Amino acid sequence: SSILVVALCVAALWALAGPPFVSPPPAARAEDAPRFDQVAQAAVLGAAVAAPEAAHAANQGYAVLQLGWAVFIIGLGPAVLFWIYFNKPEIL
């Protein structure tokens, strides 16, 4: 038993004795950074501006479905507690 504890402590110290972090990759120089032309910049900007509208692409029925499930799941907690209180009060 004590040999196992000593072996475990030695293994833990051996694991902690290594380098704490992996060295990061070398940083890229500024002149190595990719350059985008104006057309690509306009496309990226247009996609970023239009991205919030993608959230409204679905119909409103999906939102109502999500709200219904949320009410159902949140309502299960009190329903189970009431059932336990009135049918199996000894487990409370």
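Remember, predicted model here, so these are calculated numbers, not experimental data. (Residues numbered from 1 in each chain as written. Predicted model: local features only at pLDDT ≥ 70, side-chain atom pairs only at ≥ 80, totals over all residues. Heavy atoms only, no water.)

Engineer: Describe in detail the overall build of the protein, supporting the description with residues and values.
Structural biologist: Tallying secondary structure elements over the protein gives three helices and zero strands in all. Ordered by position from the N terminus, the helices and strands of the protein form the series α-α-α. Looking at the protein as a whole, 1% of its 92 residues are labelled buried. Element-wise, carbon and sulfur atoms account for 74% of the exposed surface of the protein, whose accessible area totals about 8900 Å². (Helix = DSSP H or I, 4+ residues; strand = E, 2+ residues; numbered from the N terminus. Buried < 20%, exposed > 50% of the residue type's maximum accessible area, 1.4 Å probe, protein only. Areas by Shrake-Rupley, 256 points an atom, 1.4 Å probe, with all protein chains shown as cover.)

Engineer: Run through the packing of aromatic side chains, naming residues and quoting values.
Structural biologist: A complete count under the given rule lists three aromatic pairs for this structure. Measuring from ring centre to ring centre gives 5.6 Å for Trp69 and Phe72, while their planes differ by 85 degrees; the resulting arrangement is edge-to-face. With Trp69 and Phe72 both in helix α3 (residues 60-87) and three residues apart, this pair spans about one turn of that helix. For the ring pair Tyr85 and Phe86, a centre distance of 5.0 Å and an interplane angle of 80 degrees mean the geometry is edge-to-face. Neither residue differs from the other here; Tyr85 and Phe86 are each classed as exposed. Taken together, the ring pairs connect Phe82, Tyr85 and Phe86 into an aromatic cluster. (Phe/Tyr/Trp six-rings, centres within 6.5 Å; stacked < 30°, edge-to-face > 60°.)

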